[in-house]
Structure formats: C-alpha cells, structure tokens
Amino acid sequence: MENSIIECDHLNRFYENRYARVTAVHELCFSVNQGEFVAVVGRSGSGKSTLLNLIGGLDSPSSGSIRVLGKELGKMKSQELARHRRHAVGMIFQSFNLIPSRTALENVELALLFGGTPKGERRKLAASALDSMGLKDRMRHRPGELSGGEQQRVAIARALVNKPAILLADEPTGNLDSVTAEKILDLLAGLNRQGLTVLMVTHDADSVKKVSGRTLRLLDGRLVEDTRRSQA
Amino acid sequence: MRAFDAVALGLDNLRRTRLRTFLTTLGVVIGIGALVSMVSFGTGMQKNVSRVFYENDLFTSLIVTPRKIDPNAMMSGDLSALEQVVAPKEAALDDSALFQFRALPGVMMAYPQIQFPVKIRILGHETENQLGALPARMGEFPPYNELPHGSFFSGDGDSCLLIGQSVLKKMKWILRSGGFKAISLEDSLRGVRSIPPDSLIGQDAEIITSVMDVSSILKNPWQYMASPGRMPTAERSIRFRISGILQKTDDFHGRPFSSELIIPLGMVRHIPRFGFNNVWDLLGNKTSDESYGSIYVRVHGFEDVAPVKQAVESMGFGVFAISDQLQEIRKGFLILDTALGAVGAIALIVAALGIINTMIMSILERTREIGIMKSVGGSEAEIRLIFLTEAGVIGLLGGVFGILLGWIVTRIANAVANFYFAKEGIEHVEMFYMPLWLICGAVAFAIAVSVLAGLYPAARAAAVNPVEALRHE
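Procedures and definitions
- Residues numbered from 1 in each chain as written.
- Chains lettered and ligands numbered in written order.
- Predicted model: local features only at pLDDT ≥ 70, side-chain atom pairs only at ≥ 80, totals over all residues.
- Heavy atoms only, no water.
- Axes fitted to C-alpha atoms, helices over the stretch in contact; angles between N-to-C directions.
- Helix = DSSP H or I, 4+ residues; strand = E, 2+ residues; numbered from the N terminus.
- Left-handed = near helix turned anticlockwise from the far one by under 90°.
- Contact = heavy atoms within 4.5 Å.
- Nonpolar A, V, L, I, M, F, W, Y, C, P; charged D, E, K, R; others polar.
- Core = buried A, V, L, I, M, F, W, Y, C linked by side-chain atoms within 4.5 Å.
- Buried < 20%, exposed > 50% of the residue type's maximum accessible area, 1.4 Å probe, protein only.
- Patch = residues over 30% accessible without salt bridge, like charges linked within 9 Å, V, L, I, M, F, W, Y side chains within 5 Å.
- Areas by Shrake-Rupley, 256 points an atom, 1.4 Å probe, with all protein chains shown as cover.
- Salt bridge = Lys/Arg side-chain N within 4 Å of Asp/Glu carboxyl O.
- Pairing = 2+ DSSP bridges.
- Buried area = accessible area lost by both parts, 1.4 Å probe.
- pLDDT = per-residue confidence, 0-100.
- Phe/Tyr/Trp six-rings, centres within 6.5 Å; stacked < 30°, edge-to-face > 60°.
- Lys NZ or Arg CZ within 6 Å of the ring centre and 35° of its normal.

A. Structural view of the packing of helix 12 (residues 322-365) of chain B against helix 14 (residues 380-423) of chain B. Residues and elements named next belong to chain B. At their nearest, the axes of helix 12 and helix 14 sit 11 Å apart, and the two run at 140° to each other. When the axes of helix 12 and helix 14 are compared, the crossing they make is right-handed. For the pair helix 12 and helix 14, the contacting residues are Ile-355, Met-359, Ser-362 and Ile-363 in the first and Phe-387, Glu-390, Ala-391 and Ile-394 in the second. Along the lines of polarity and charge, the residues of the contact of helix 12 with helix 14 split into six nonpolar, one polar and one charged.

Next up, the structure:
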C-alpha cells in the first residue's frame, strides 16, 4: 500500500428517501496505486459512477473511509472538497460537460479561475493545455462548433490544466463513434504512460481492455472482481 | 477566486441574457428613480426653507418679548400659558432693557420691533398695509443690503421709505424692469398697469394714520350719541420719499419679522398713531408708552444665540429664537423625507422581487453549469459570490440609471411646476435638490437591496448538489 493514491475501506453510499433505501456502493475495499490505469466496469446501476463521484469529491460516503492522496474525504468540509476537486483530481464525463456559451479556451480557463490564477497566466496555461490536445486552432470555438472527439479533448484539457494526480473518466467514450473513442482511449493511455493515474468507468469492458492495467468489476454496488492485466 | 474575476464572470453571465437583465435592471431603475425623485423633493423643500433662513440672517436673530411665551402651549390651548401672558409683569421691555441687551456680549444690535397699520398714497394710488421700522444699520445685512431698485436709507432720521412689490401690486402696479413686463389677463382686468421702477424712486409717498380725536366729540357730540359704535378718530398724514424697492417675496422667498413698508426707526415717533403697535404689544400686556411689545436682537454669530438667549431670559424676558424653530422644521422634514422615501422604497421592493425571480430562473437554467463549476473546483462560497456579484451588478446599473431617471423626472416636474408658478407670479423655485449623499446613497442602497434580494438565490445556487446538477438536462 506504499504507493496507494486511492484507498477505500468498507466504503458505503446509500440513498434514502421516505419510502426506500438504495445501496449504490456497498462495503468497497480496494486501493489504487499511483500510475495505474484502472477500468471500473459493470452494468448500468452497479455503482460505478457513484464510486467515481466519491473519489472525485462530488459526493460523500455514507460510511466507511475513502482516502485520496492520503487525505480522508469523508471528513472534509465543502471548501476542502472543492480544493480536492481543483487540485487532486480531474474529471471528464460522457456528455463532456462543457459550458455551451463559452469557447474552448474559456471552458479550460474556468478550472483555473477558481484557483485564483491571474488572467494572463490563466490564458497561457489554458492555451497550452488545448495545444497539447491538438486543439490549437479550435480555441475560439464554442462546444457546439466542435466534434464529439474535440469536445472530449477540450474536457480532458480542462481536467488536466491544474495538473492533478488522478484523472477520473466517467464513460468518456460513451457518446463517441468507435474510431474517435479509440483515439480518446489512446490519448488517455498516453497520459497514463506519462505517470497520470487514470480511473475510467465504462460499461464496455472489452473496449478498455487494451489500455487498462487493472479492472474493477462492480455488481449491485459490490466489488465482485479485481483483476490486473498480468493476472488476466 | 479573485473579486475582479467574480465581477467579470458576473457581467459576462448578465451579457449572455441581455433582455432579461435589461428588464430586471429596469425594475431597479424605476425603483431608484422613484426613490430619488421623492427624496430629492423633500430635500429640495428643506433647502428652500433653510435658504430663507440664511438669506434673512434668521440664525442670528432673536425676538425678545416681555415674558416667556410658549407658542406651542398657546396653540394647544394650555390655559396656564395664557395666564402667564396676562399676568402683571415687573420687568418692562423699555429703553433700559434695550440698553442692557445692547451691552450683552455677542449682541450686534438691538432695536424695538414696531409695526402698525397705515394707509399709503402714491401718485393718487392708495392702499393699506402694515408699516415697519428698521435702524439704518440693517442696510448692511441681507435681504436689505442688495435691493433690486434704489437704496436703503442711510440715517435713522431720514424721511425715506422702502416699499415692497406686493404693496405696489395692491396699488395696481407691476414693476417694469429691463423691458417688457407681462401682465396676466386677470391682473389686466383688475386694472394693473406696469410702471418703471425709476419713476417710483424719489417719488413722494403719503403715510396716513388714524389717531384718537377727542375734540371731534366736543365739536359734534350729537353725531356720536346717534351712533355709539362710532370711534372718534381722525387721519394724520406725513410725507416720505421712496428710496428703494424691496425684493419680491412669495411662499418660498419670505421676509419674516418685517414689513413690506419700512421707514427709519428714528422716524416712528413723528408718526401719530394709536397706543399699541402690534400683536406682541397686546400679548405682552404693554404697560406704558415707554415700553415695547418686542425687541429684535441681532447677535454676531450663530454661536452667540444660546448665551444671549440665556442672559436675556435670566432678566425675566421671553426669547424667541428662530434657530430653535429650524430644529423642529428639520424634524418635520425628516418625517417628510422618510414618508416620501417609503413610497419610493415600495417600487424598489417590487424590483427586488423581480431580481429574486430572475435569479431563481437563472439558477434553474444554469443548474448544469453550476454542477460543472463545482466539478472543476468551484466552492460553495465562490458559486455564491458569482450570483451575488450578478445581483450587485444589476443593483449598480439600476442605481446609476435610476438616478439618471430620477434626475430627468425631477427636471420635468420642476419645469412644469415653475410654469404654473410663473403664471401665479411666483419666482422660479428649485423644488428638487439631489445632494451628493443622495446620489451615492441611492446607488449604495440599490446595490444593497439587490445583493439582499440575491442572497436566497445565491444560497440556493451554492447548495446545488453537483452530482444531480451534472445529470440535469
């Protein structure tokens, strides 16, 4: 566990209302080492996205412990969670989650805005991040003027502009055609090779097999399989 | 997040919904416009009253009466106050008292207030008016130091007369100064004619008074026996030369404690008349011809008012300081301003509801955006700040343009009011006054109200669950 960057111990997440209690994540115990590419797979409703949201600090556990970069997220206050989302992790989503009224550059800048980075530096860093995604000529375009693959690359640039240790990807290829999806997977694999820890949620375990080094399979919120490529 | 970035982001968000922002801001503009015009009316009125006080140097004026009279108690029907007035008085308000007043530190001058009814005849025109008397030294002070025509008398023994324009109007004259003077149809039908002021200056004026004439009873006793109500009076006449014409007075440009017909103080004793001069004489239970009904005391500065008042009161006299009344008037204006402000504030409350509505709509529309901002590291405080900034910007724009609207409204209202005033012969009056504190205060108030209105929507935005928000379509 020396290299563990994410540690979950008896992690639970329940959703309750007046009539029912739904268990999204049940007694999860696992850890992720730095530099790993982990695919979290499972059927729809198995708790994959909930797990990603918990690691990303968008959601809080009902019980158990979740430590990211050595810090217990369950005990963090909202301000600390925001700092965690800003610096420790970067997130990308199936639907890209870009602000339609803002340009690619402004969307990437948004992540730096909350960090209090001065405008000039913000612009420089955002442009550099987009450039590294091969979007130098698309900076002034709004999401609606970009293809799905380009939009996801803008989202990746935004997720990485604050240089996080972990990239959390929630079905990043779900809205893309197979060719573009493969390109995005290659891009994520390349980032992983550079040392970035990647946790990718997908319902399509086969598509991610060639890039991920480890697979966590969830079923009804429980971890039912934890396999590494060397073991597979 | 830096404050500058929050403002820039807020402005950018508002720019994205121009029409909605315009309509919401318009609500604040109307609210502030109403508030500013209402309050500026109150402050304008207050300024006009204060100006009358200053123009007439009333802050340095004291009226000494034979005994302390509380006008408020008198008005409220307090019998003890009335008893105090009619009770016999030991200290007489006579020349001896006058000299004592003049010797008090801080006193510039003191003179008896004398006013009595007379008939005046100039070039065959005749009317009745109160005649007042002033010492020649009053010509140094406003409003007598700058007469529109002619000059103040130079000596207390001069046979000079100052005449007011309202008296001239009663004599069916309107001054023609600097060319054509418009006479209203109503005045024209009354036979009012214009007259050049130069033709009046230096002109003789006959002051006619009534006196008791006991000899007429002896001459014709049957006449008085036949009608017992008839008074044995006779008219006496004395000639004065018109040396100056007084400034025009109206509701906003008054001349308290004075008359529209003024002669030098030293000339009063040459005018035969009845034994009492004015209402103070009657109220003051004037005991002899040597005592006065009231004495006007002028002090050097406002700071001398209180000590002189105290000294005079300790002598057993009553003192009426107009500056005391100003405090009461100011209190009244504060109430008026508050009432007017409250009317304007209602419009602003409606505008605030508009802001709340707009911002809640905006949050609903931007739920996903809020989720995105949170997912990239936006804290609750920062999200709150963004929305509060947007509300503040609406307030700032509404405040600035509201003042502009208020200014335009007050200019139009002032022009309309003065158009009617001019018809009534009232001089131009600035009814509205927009001091700097009102301008700054209105903008600050607009921002404060808008931010206050934005508190709930901002809190709601900050509390948005990012997971749910990211799923929001």
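Text resumes after the structure shown.
B. Structural view of the nonpolar core. A:Ile6, A:Leu51, A:Leu130, A:Leu188, A:Leu199 and B:Ile32 are the most contacted members of the largest nonpolar core, which totals 115 residues. Residue contacts for A:Leu51: discarding those within four places in its chain leaves A:Cys8, A:Leu11, A:Val25, A:Leu28, A:Phe30, A:Val40 and A:Leu218. Residues B:Ile114, B:Trp173, B:Phe240 and B:Ile263 belong to the second largest nonpolar core, which totals 45 residues.

C. Representation of a nonpolar patch on the surface in the model. Residue and element names in this part refer to chain B. Together, Leu-396, Leu-397, Val-400, Phe-401, Leu-404, Trp-407, Ile-408, Ile-412, Val-416, Phe-419 and Tyr-420 give the surface a local cluster of nonpolar side chains, amounting to about 1000 Å² of exposed area. Here Leu-396 shows up in helix 14. Here Leu-396 falls in the partly exposed class, since its relative accessible area comes to 39%.

D. Layout of the pairing of strand 1 (residues 4-16) of chain A. All names here are of chain A. Pairing of strand 1 with strand 2 (residues 21-33), which is carried by nine bridges, proceeds in the antiparallel orientation. Counterpart to Ser-4 in the pairing with strand 2 is Asn-33. Where strand 1 hands over to strand 2, the hairpin turn is made up of four residues, counted between the paired strands. Pairing of strand 1 with strand 4 (residues 63-68), which is carried by five bridges, proceeds in the antiparallel orientation. Within strand 4, the position partnered with Cys-8 by the bridge is Ile-66.

E. Structural detail: the sheet that holds strand 8 (residues 197-202) of chain A. Residues and elements named next belong to chain A. Taking strand neighbours across the sheet as the criterion, the six strands line up as 6-7-8-3-9-10 in an open arrangement whose pairing is mixed. Edge strands, defined here as strands with exactly one partner in the open sheet, are strand 6 (89-93) and strand 10 (222-228). The sheet shows a mean angle of 15° between the axes of neighbouring strands, direction not considered. By the bridge criterion, five bridges tie strand 3 (residues 37-42) to strand 9 (residues 214-219) in an arrangement that is parallel. Considered in strand 9, the bridge of Ala-39 is made with Thr-215.

F. Summary view of the interface of chain A and chain B. Contacts between the two partners involve 24 residues from chain A and, on the opposite side, 24 residues from chain B. With both sides pooled, the region where chain A packs onto chain B buries about 2100 Å², and carbon together with sulfur makes up 57% of that total. Of all residues in chain A, A:Leu58, A:Arg102 and A:Phe114 give up the largest surface area on contact with chain B, accounting jointly for 29% of the area buried on that side. Connecting chain A to chain B are three salt bridges. A:Arg86 is the partner of B:Glu382 in a salt bridge, and the nearest nitrogen-oxygen pair spans 3.4 Å. Taken together, the elements giving at least two residues each to the side of chain A that touches chain B come down to helix 2 (78-87) and helix 3 (104-113) of chain A. Taken together, the residues of the side of chain A that touches chain B break down into 10 nonpolar, eight polar and six charged.

G. Inspection of the confidence of the model for chain B at higher detail. Here chain B averages 81 in pLDDT, while 85% of its residues score no lower than 70. Ranking the helices and strands of chain B by mean pLDDT puts helix 14 of chain B first, with 91, and helix 10 (residues 279-283) of chain B last, with 52.

H. Examining the packing of aromatic side chains more closely. Enumeration over the complete set of coordinates arrives at six aromatic pairs over all chains. Where B:Tyr144 meets B:Phe152, the ring centres are 5.5 Å apart and the plane angle is 50°; that geometry is what we call tilted. Aromatic side chains B:Phe419 and B:Tyr420 sit 5.3 Å apart centroid to centroid with 80° between the ring planes, which places their arrangement in the edge-to-face category. Each residue in the set B:Tyr144, B:Phe152 and B:Phe153 is aromatic and connected to the rest through ring pairs, giving one cluster. The side chain of A:Arg21 reaches across the aromatic face of A:Phe14, ending 3.7 Å from its centre. Over the aromatic face of B:Tyr433 sits the side chain of B:Lys47, whose NZ or CZ is 4.1 Å from the ring centroid.

I. Examining the environment of B:Pro457 more closely. All names here are of chain B. For Pro-457, the position within the fold is in helix 15 (residues 436-462). For the pair Pro-457 and Phe-387, spaced 70 residues apart in sequence, the C-alpha separation works out to 7.6 Å. Ignoring any residue separated from it by four or fewer positions in sequence, one finds Pro-457 in contact with Ile-356, Met-359, Ile-360 and Ile-363.

J. Expanded view of the sheet that holds strand 2 (residues 107-112) of chain B. Residues and elements named next belong to chain B. Across the sheet, four strands lie side by side as 2-12-1-13; this open sheet has antiparallel pairing. Each of the sheet's edge strands pairs with one partner strand only, and the pair in question is strand 2 and strand 13 (318-321). Each strand of the sheet is rotated relative to its neighbour by a mean of 25°, with strand direction disregarded. Pairing of strand 1 (residues 61-65) with strand 13 involves four bridges; the strand directions are antiparallel. By the bridge assignment for strand 13, Thr-65 is matched with Gly-318. The sheet contacts of helix 5 (residues 95-103) involve strand 1, strand 2 and strand 12 (295-299), and relative to strand 2 the element is tilted by about 165°. Packing of helix 12 onto the sheet brings it into contact with strand 1 and strand 13, and relative to strand 13 it is tilted by some 50°.

K. Molecular detail of the environment of A:Met139. All names here are of chain A. Locating Met-139 in the fold gives a position in the loop between helix 4 (119-132) and helix 5 (148-160). For the pair Met-139 and Val-108, spaced 31 residues apart in the sequence, the C-alpha separation amounts to 9.5 Å. Once residues lying within four places of it in the same chain are set aside, the contact partners of Met-139 are Thr-103, Ala-104, Leu-105, Ala-127, Leu-130 and Asp-131.

L. Focus on helix 1 (residues 48-56) of chain A. Of all nine residues in helix 1 of chain A, eight are buried; the element is thus mostly enclosed. Just downstream of helix 1 of chain A lies A:Gly57, where phi reads positive at about 80°.

M. Region of interest: the side chain of A:Thr50. All names here are of chain A. Looking at the element boundaries, Thr-50 is found in helix 1. Its relative accessible area of 11% is what places Thr-50 among the buried residues. Beyond its immediate stretch of four places on either side in the chain, Thr-50 contacts Arg-13, Tyr-15, Ala-24, Val-25 and Asp-59.

N. Summary view of the pattern of salt bridges. Within the structure shown, the criterion is met by 25 salt bridges over all chains. Here A:Asp226 and A:Arg214 are joined by a salt bridge, their closest N and O atoms 2.8 Å apart. Of the two residues, A:Asp226 is situated in strand 10 and A:Arg214 in strand 9; the sequence distance between them amounts to 12 residues. Residue B:Glu206 pairs with B:Arg121 through a salt bridge whose shortest N-O separation is 3.5 Å. Linking B:Glu206 in strand 9 (residues 204-212) with B:Arg121 in strand 3 (residues 115-122), this pair joins segments that are 85 residues apart in sequence.

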